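Below, each chain spelled out in residue letters.
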Amino acid sequence: MSLIKGETGDWEVVLGLEVHAQVISDAKLFSGAPTTFGADPNTQVSLVDAAMPGMLPVINARCVEQAVRTGLGLNAKINLRSVFDRKNYFYADLPQGYQISQYKDPIVGEGAVEIDLEGGATKTIGIERLHLEQDAGKSLHDQHPSQTYVDLNRSGVALMEIVSRPDMRSADEAAAYLTKLRSIVRYLGTCDGNMDEGSMRCDVNVSVRKPGGELGTRCEIKNVNSIRFVKQAIEYESRRQVEVIEGGGKIMQETRLFDPGRGETRSLRSKEDAHDYRYFPDPDLPPLVLTQEFVDGIKATLPELPDARKARFIEEYGLTPYDAGVLVAEKETAAFFDTVAKGRDAREAVKLVTGDFFAMLNRRGDTIAQSPIKAEHLGKLLDLQADGTISGRIAKELFVAMEETGKDPAVLVEERGMRQVTDTGAIESAAKAVIDANPDKVAAYKAKPAMFGWFVGQVMKSTGGKANPRAVNETLKKLLDA
Ligand code: MN
C-alpha cells in the first residue's frame, strides 16, 4: 500500500476496475456479422446491428462459451441462469436506443485474481462479476469539417465486462491487476488483450480516505486504453481528490476523462446511477440457461494458467519466483521456455532465454513468433555446449549465426567448422608456438604470474576461439611452470 502525503496527514487510495474485454469470436453477440478489426466502415453490419424494425437478436453460443471459459479462469462462480436486460440511453452510435447487457443476473458471479507485486509478494483481488453485453458503434468526428459520421462495425460486438472489488490500493496494484487479467484472457484465448486496438478498455473507480476510514465518494475515469495511462490517471486523480478535500471542498460523484497529452483527468458528466438507465429484461431474449455438463465440458479444456505454470516452473525447473513470473507472463514465452528447458539444465536455459534471447528480440522488435531462432534450436545450442562440442565463446558466435540464418546450430557447427578443439596435441603445439615466439613475455610471467592471462588469450586467438579453455589453461600451466 502506498499512501499519499497530504497537509492533514496520510491518505489511502481505493481503486476498483471495470474492464471491457472484447470476446474472441468470428461473429457478434446477437448477429452473424463478422468482427474483424480494421475493416472499412459499415462493412460488417447486419440488419440486427443496425436495429432495423422487427429484427430479433439470437444469442451466439460461442460468445457464451467464451464468457464461461473466462469465468472459470477467474476462479469464479458460473451462474447457470442469467438474464439479458436492456440498458436504455440515447447515443448517435447506438441505433437500438439501448444496449443489451446483463444487470441483476450476470453469467459469472464472484471470483478472484492473484496479482504479483514487487519483491515476489502477491495479493488477491476480488472479482464481483462478469457479464456479457453488446458494444456500441463508433462516432467519427474527424472525417468531415461540420458533420459526424457513424461506423456500426463495432455495434453488437460481444464484450465481457469484468468488475473487480475495490481491493486495490495503489497505481502499481491496478497495473499488476490489469497485467494479470490480460495474461489470463490471452492464455484462455477469450480476448486478445490488445489495449491499443481497443479490445481491452478500462474504467477506473478512484476514491480516497483516511487509512482504514469510511469509503470516500468515487469518481470514474472512463475508457483508459493503456496500463501506463491507467497509472498516470490514478496518480493524478487521487492527488486531485486529496487537494479538493483538504481545501474544504467535496468530491462529486462524476465520470471523468483522462487526457494523456496533459496527464490530467477532467470532468465529463455527473455520474448516472443504475436507475437512470431504466433496466428491464429484454422481451426478445429468454433467460439464458446453461447445464452443468456444458460448464464442466469447458472446464475440462482449460489450459494451464499463469499461476499454475509459474508454480510448476518453480517446482520443476527450480526457478526463482521472479524468473518464473517473467517467463509465464506471456503464453508464447512460457511455451518457448518449456521447450528450451525440458530435459536440460534449467539454470542455463533461463540465462540464455532471459539474457541473449530477450535482448535479441528487443533489438529486432520481434515477437516470439517472429523470432529467427526457434525454441528447438536454442535448446540444441545448450546441448552442444553441455556435451563439449563448442566452447562458451563459440556459443556466443553460434547464437549470432543462428539469428542471421535461422539454421539448426548443429548444421552451422559443421558448415563453419566451429567444433571445439579438445585434442591436447593441437592445443599443446599452439601453446608452444606462442611461448617460443615470445621469450620476453615468458620472462615477464616469471616475475609477474598475472601475465598468465595474456598467454591464454594468445592461444585462444591462434585457435580461432575453438580451443577448450580448460585444456588451454592446463597446457600453458604445465609448459610455463616446467
Ligand atoms: Mn459496460
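All figures in this text were calculated on a predicted structure; none of them were measured in a lab.

Cut-offs used in this document
Here the residue index of a chain counts from 1 through its sequence in written order. Selection of residues for local features in this predicted model requires a pLDDT of at least 70, selection of side-chain atom pairs for listing and counting requires 80 or more, and totals for whole chains, interfaces and linings are taken over all residues. Excluded from the side-chain calculations are hydrogens and water; all other atoms, namely the structure's heavy atoms, are used. Here a helix means four or more residues in a row that DSSP labels H or I, a strand means two or more in a row labelled E, and each is numbered from the N terminus. Whether two residues are in contact is decided by their heavy atoms: any pair within 4.5 Å suffices. For the purposes of this analysis, a disulfide is any pair of cysteine sulfur atoms at a distance within 2.5 Å. The buried label applies to any residue whose accessible area, calculated with a 1.4 Å probe on protein chains only, is under 20% of its type's maximum; exposed applies above 50%, and partly exposed to all values in between. What makes two strands pair is DSSP finding at least two bridges between them. What a helix should span is 1.5 Å times the count of its residues minus one. Only residues above 30% relative accessible area that lack a salt bridge enter a patch, with like-charged residues linked at up to 9 Å and the nonpolar side chains Val, Leu, Ile, Met, Phe, Trp and Tyr linked at up to 5 Å. Here, Shrake-Rupley sampling with a 1.4 Å probe gives the accessible areas, and only protein chains in the shown set may cover a residue. The term salt bridge refers to a side-chain nitrogen of Lys or Arg lying within 4 Å of a carboxyl oxygen of Asp or Glu. Within this scheme, the nonpolar core is defined by two criteria: the residues are buried Ala, Val, Leu, Ile, Met, Phe, Trp, Tyr or Cys, and they are joined through side-chain atoms within 4.5 Å. Note that domain bounds follow an automatic or database assignment of domains. Only centres within 6.5 Å qualify two rings of Phe, Tyr or Trp (six-membered ring in Trp) as a pair; their planes then separate them into stacked at under 30 degrees, edge-to-face at over 60, and tilted for everything else. Comment: the charge-over-ring label is applied if NZ (Lys) or CZ (Arg) is within 6 Å of the ring centre and within 35 degrees of the ring normal. Two N or O atoms form a polar contact when they lie within 3.5 Å of each other; inside protein one atom must be a possible hydrogen donor and the other a possible acceptor, and for residues adjacent in sequence the pair counts only when both atoms belong to side chains.

Participant: Just to check I follow, could you spell out the side chain of K310 for this structure?
Facilitator: Relative to the assigned elements, K310 resides in helix α5 (residues 306-317). With residues up to four places along the chain from it excluded, the contact list for K310 reads D116, P321, A324, G325 and V328.

Participant: Honestly, the state of the cysteines in this entry has me stumped. Any pointers?
Facilitator: Structurally, a disulfide amounts to a covalent bond that connects the sulfur atoms of two cysteines. Summed over the entire model, instances satisfying the criterion amount to zero disulfides. Of all cysteine sulfurs in the structure, the one in C63 sits closest to C191, which takes part in no disulfide; the separation is 12 Å. A relative accessible area of 1% means that C191 is categorised as buried. Considering cysteine sulfurs only, C202 is the nearest to C219, which forms no disulfide, with 15 Å between them.

Participant: Just checking my understanding: could you explain the pairing of strand β10 (residues 158-164) for this structure?
Facilitator: Two faces, one strand: in a regular strand the side chains alternate between the faces of the sheet. Of all the seven residues making up β10, seven are buried; the element is thus mostly covered by neighbouring parts of the structure. Two strands pair when backbone bridges link them, and strand β2 (residues 9-22) and β10 are joined in this way by five bridges, in the antiparallel orientation. When the bridges of β10 are listed, V19 appears paired with I162. Sheet topology note: the strand β7 (residues 122-134)/β10 ladder contains seven bridges and is antiparallel. Across the sheet, L130 pairs through a bridge with I162, a residue of β10.

Participant: How should I be thinking about helix α3 (residues 227-246) in this particular structure?
Facilitator: The periodicity of an α-helix, 3.6 residues per turn, causes residues three or four positions apart to be oriented the same way. The terminal C-alpha atoms of α3 lie 29 Å apart, and with 20 residues this matches the ideal 28 Å at 1.5 Å per residue to within 8%. I227, F229, V230, A233, I234, E237, S238, R240, Q241 and V242 are the residues of α3 that are buried. Following α3 by one or two positions, G248 adopts a phi angle in the positive range, close to 90°.

Participant: I keep staring at a nonpolar patch on the surface and nothing clicks. Help me out?
Facilitator: A cluster of nonpolar residues, L47, M52 and M55, forms a patch on the protein surface that exposes about 270 Å² of accessible area. Examined against the element boundaries, M55 turns out to sit in the loop between β2 and α1 (61-73). Under the relative-accessibility criterion, M55 is labelled partly exposed at 34%.

Participant: For this particular structure, what's the right way to read the sheet that holds strand β4 (residues 85-88)?
Facilitator: The strand order across the open sheet built from three strands is β5-β4-β15, with neighbouring strands paired in antiparallel fashion. Only two strands of the sheet have a single partner each, and these edge strands are β5 (98-101) and β15 (280-281). In terms of strand pairing, β4 meets β15 through two bridges, oriented antiparallel. Following the sheet pairing, D85 is matched in β15 by P281.

Participant: It is not clear to me how the pattern of salt bridges should be interpreted in this structure. Could you clarify?
Facilitator: Here the idea is simple: oppositely charged side chains can pair when their charged atoms come close. According to the stated counting rule, one finds 41 salt bridges in the structure shown. Note that R201 is salt-bridged to D135, the shortest N-O span being 3.1 Å. Of the two residues, R201 is situated in strand β11 (residues 200-209) and D135 in the loop between β7 and β8 (138-140); the sequence distance between them amounts to 66 residues. Overall, the relative accessible area of 13% leaves R201 in the buried class. The salt bridge involving D307 is made with K180; its shortest N-O contact spans 2.6 Å. Here D307, found in helix α5, pairs with K180, found in helix α2 (residues 171-188); they are 127 residues apart in sequence, far enough to count as distant. One salt-bridge network, in which partners are shared between bridges, spans E304, R309, R312, E316 and D338.

Participant: Teacher, can you tell me more about the nonpolar core here?
Facilitator: A general trend in soluble globular proteins is that nonpolar side chains are found buried together. Ranked by size, the top nonpolar core spans 103 residues in total, and within it I107, Y177, V204, F337, F357 and L378 carry the most contacts. For this core, the element with the highest residue contribution is α2, accounting for eleven residues. The two domains that each donate at least three residues to this core are domain 1 (3-298) and domain 2 (306-415). Here L378 is in contact with F336, V340, L352, V353, F357, I373, F399 and M402, once residues within four sequence places are set aside. With 18 residues, the next largest nonpolar core counts V434, V442, Y445 and A471 among its residues.

Participant: Please explain the packing of aromatic side chains as it appears in this structure.
Facilitator: Note on aromatic pairs: each is described by the distance of the centres and the angle between the planes. As enumerated under the stated definition, the model contains 13 aromatic pairs in all. Judged by centre distance (5.3 Å) and plane angle (80°), the rings of F30 and F84 are edge-to-face. Of this pair, F30 sits in the loop between β2 and α1 while F84 sits in the loop between β3 (81-82) and β4; the two residues are 54 residues apart in sequence, bridging distant segments of the chain. Summarising the burial analysis for this pair, F30 and F84 share the class buried. Among the aromatic residues, those joined into a ring-pair cluster are Y89, Y103, Y277 and Y279. One residue, K87, lies across the ring of Y277, its end atom 4.5 Å from the ring centre.

Participant: What am I meant to see in unusual backbone geometry here?
Facilitator: Note: most peptide bonds trans; most residues except glycine with negative phi. Look at N75: it is not a glycine, yet its phi comes out positive at around 50°. Unlike most non-glycine residues, N223 shows phi in positive territory, near 50°. Judged by relative accessible area, N223 falls into the partly exposed class, the value being 45%.

Participant: Explain the side chain of D203 to me, please; I cannot follow it from the model alone.
Facilitator: Structurally, D203 is set in strand β11. Side-chain polar atoms of D203 contact the backbone nitrogen of N223, separated by 2.8 Å. With residues up to four places along the chain from it excluded, the contact list for D203 reads G16, L17, E18, H20, E220, I221, K222 and N223.

Geometry only, nothing functional implied.
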